[in-house]
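Coordinates in review
Below are the chains, spelled out letter by letter.
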Amino acid sequence: MLWFLLCTGLLIAGYFTYGKVIEKIFGPKPERQTPAHSLEDGVDFVPMSNKKVYLIQLLNIAGVGPIFGPILGALYGPVAMLWIVIGCIFAGAVHDYFSGMMSVRANGASVPTIVGEQLGNVAKHFMNGFAVLLLLLVGVVFVLSPAGLLSSLSDTSAGIWIAVIFAYYIIATIVPVDKIIGRLYPFFGALLIFMSVGLVIGLAVSDHTFYSQGLDFSNLHPTDLPLWPLLFITIACGAVSGFHATQSPLMARCMQNEKSGRFIFYGAMIGEGVIALIWCTLGLSFYESTDALNATLAAGGPSAVVHEVSTSLLGTVGGILAILGVIVLPITSGDTAFRSARLIIADFLKMPQQSMPKRLLIAIPMFIIGYLITHAEFGVIWRYFGWANQTTAMIMLWAAAAYLAREGKFHWICTVPAAFMTAVTFTYLANASIGFNLPMTTSTVFGLAMATLATVALLVKIKGPQATPVVKLPD
């Protein structure tokens, strides 16, 4: 538990130290009117309190990723928790802050528009398709995982739960943001707090100890899967996640003051990092070894770990409540994933969303496609989701780096994590079976080369002629 407490303390310290550095470099302007007021429409642009916006942001971004990913990452040993802390403070929270604040400055624009402004129209059009694809994959993953957990708690088949969750998603996607999401999320937040705090206390008073071999930071994966780059793909949510770039604009349209950005965007990512630490710690402490954890994963996947850990530490009733808290996370990310996809498509088509028929015109085909994707193998969907997620983070970080460089500000706070994620994603794409299936050495050289080229391209671009802006981002 001491290692967990230290890592949690580092995350909180990161918010109060590095978070302030990031805020100072960006330079929020409290006197500047935010889109929540300047574009208020009662549907997507709705002023809400900081506490409510923070809670919605946290539940939006904290899907099944900061639970399933850290459980799978625990197979690598304590080094997984180290990546969560470093990744969250210096990459993930930075990514979330800039994706949110750049959207505020661009009148609540979605991530493709933000990327297009900084990296050009080709990047914008690429991100339009890529972001929608990622959001559909997220929505499907965040339907299948809670449906499986709900099925394990009842005699109802997963297929019926999929239909029920999809029905909720449709309603939450088309009604005003404050009618369902704004009202249900406080209740969901209570479940999340119970799950997080309850499991930590349950572990502390149990006879389970932290990983029996101590703080060994070598690769301890029982099947010898390589640490590089798989750990950084496996643990995305909780460290750095491109999905968050699609969610932050939702709350950029509801935030009332730019000074709230560090609390809402950087702070929510730190909160997700704590959730990830909890589940990574449970994976390392509840089971005697990574072999035992791997056996449970092989038998029933991360859902089986969630069920076994929750019911064992908190009893039947407490375990059910904890599992419901886990179920809430993907559902509260899945609904906003589809909502974000609707808004991105609407921006691309230049279709205002104040009227219900226009919302349905986009939402219905989108949900039909999402339902069809659910019939694919979950493992395949998850692998593509992991790569697409980190690739989106990479692109958003490059956009943020370009923005800072053009503003004459210290861009390296975004350039360094952007280059790192470039190396990760291209190495994975070159090496993975869903990619080019090249040897690891060749793949790593390719990844590092792409990271270097991207960095050089940024430095050359910011010294050259400025591109015609798609959306002006005023100071």
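The text that follows walks through the structure, step by step, so that each part is easy to find. (Residues numbered from 1 in each chain as written. Predicted model: local features only at pLDDT ≥ 70, side-chain atom pairs only at ≥ 80, totals over all residues. Heavy atoms only, no water.)

**Remarks on the packing of aromatic side chains**
- Applying the stated criterion across every chain yields a total of 17 aromatic pairs.
- Both rings, one in Phe26 and one in Tyr403, keep their centres 6.0 Å apart while their planes meet at 35 degrees; by these two values the pair is tilted. With Phe26 in helix H2 (residues 18-26) and Tyr403 in helix H16 (residues 378-406), the pair connects residues that are 377 residues apart, well separated along the chain. Grouping residues by exposure puts Phe26 and Tyr403 together as buried.
- An aromatic cluster of three or more residues is present, and its members are Phe26, Tyr97, Phe98 and Tyr403.
- One cation-aromatic arrangement involves Arg262 over Tyr15; the distance from NZ or CZ to the ring centre is 4.6 Å.
- The ring centre of Phe26 lies 5.9 Å from the NZ or CZ of Lys409, which sits over that ring. (Phe/Tyr/Trp six-rings, centres within 6.5 Å; stacked < 30°, edge-to-face > 60°. Helix = DSSP H or I, 4+ residues; strand = E, 2+ residues; numbered from the N terminus. Buried < 20%, exposed > 50% of the residue type's maximum accessible area, 1.4 Å probe, protein only. Lys NZ or Arg CZ within 6 Å of the ring centre and 35° of its normal.)

**Considering unusual backbone geometry**
- For the bond running from Trp228 to Pro229, omega is 0 degrees, close enough to zero to count as cis.
- Within the secondary structure, Pro229 sits in the loop between helix H10 (181-204) and helix H11 (230-234).
- At Asn107, a position not held by glycine, the phi torsion is positive, near 60 degrees.
- Structurally, Asn107 can be placed in the loop between helix H6 (79-105) and helix H7 (111-119).
- Residues other than glycine seldom take positive phi values, yet Asn437 does so here, at roughly 60 degrees.
- Turning to its location among the elements, Asn437 is positioned in the loop between helix H17 (412-431) and helix H18 (440-461).
- Classification of Asn437 as exposed rests on a relative accessible area of 56%.

**Overview of the nonpolar core**
- By size, the foremost hydrophobic cluster in this structure holds 155 residues, and its most contacted members are Phe98, Tyr169, Tyr266, Trp279 and Val306.
- If one sorts the elements of this core by residue count, helix H8 (residues 121-153) sits on top with 18 residues.
- Tyr169 has contacts with Gly139, Phe142, Val143, Pro330, Ile331, Gly334, Asp335, Phe338 and Phe367, leaving out every residue within four places of it along the chain. (Core = buried A, V, L, I, M, F, W, Y, C linked by side-chain atoms within 4.5 Å. Contact = heavy atoms within 4.5 Å.)

**Some details on the pattern of salt bridges**
- Tallying each qualifying case throughout the model produces five salt bridges.
- Glu23 is the salt-bridge partner of Arg262, the closest N and O atoms lying 3.4 Å from each other. Of this pair, Arg262 sits in helix H13 (residues 261-285) while Glu23 sits in helix H2, and the two are 239 residues apart along the sequence.
- The class for Arg262 is buried, based on a relative accessible area of 13%.
- A salt bridge links Arg342 to Asp44; its shortest N-O distance comes to 3.3 Å. Of the two residues, Arg342 is situated in helix H14 (residues 290-349) and Asp44 in the loop between helix H3 (35-38) and helix H4 (50-61); the sequence distance between them amounts to 298 residues. (Salt bridge = Lys/Arg side-chain N within 4 Å of Asp/Glu carboxyl O.)

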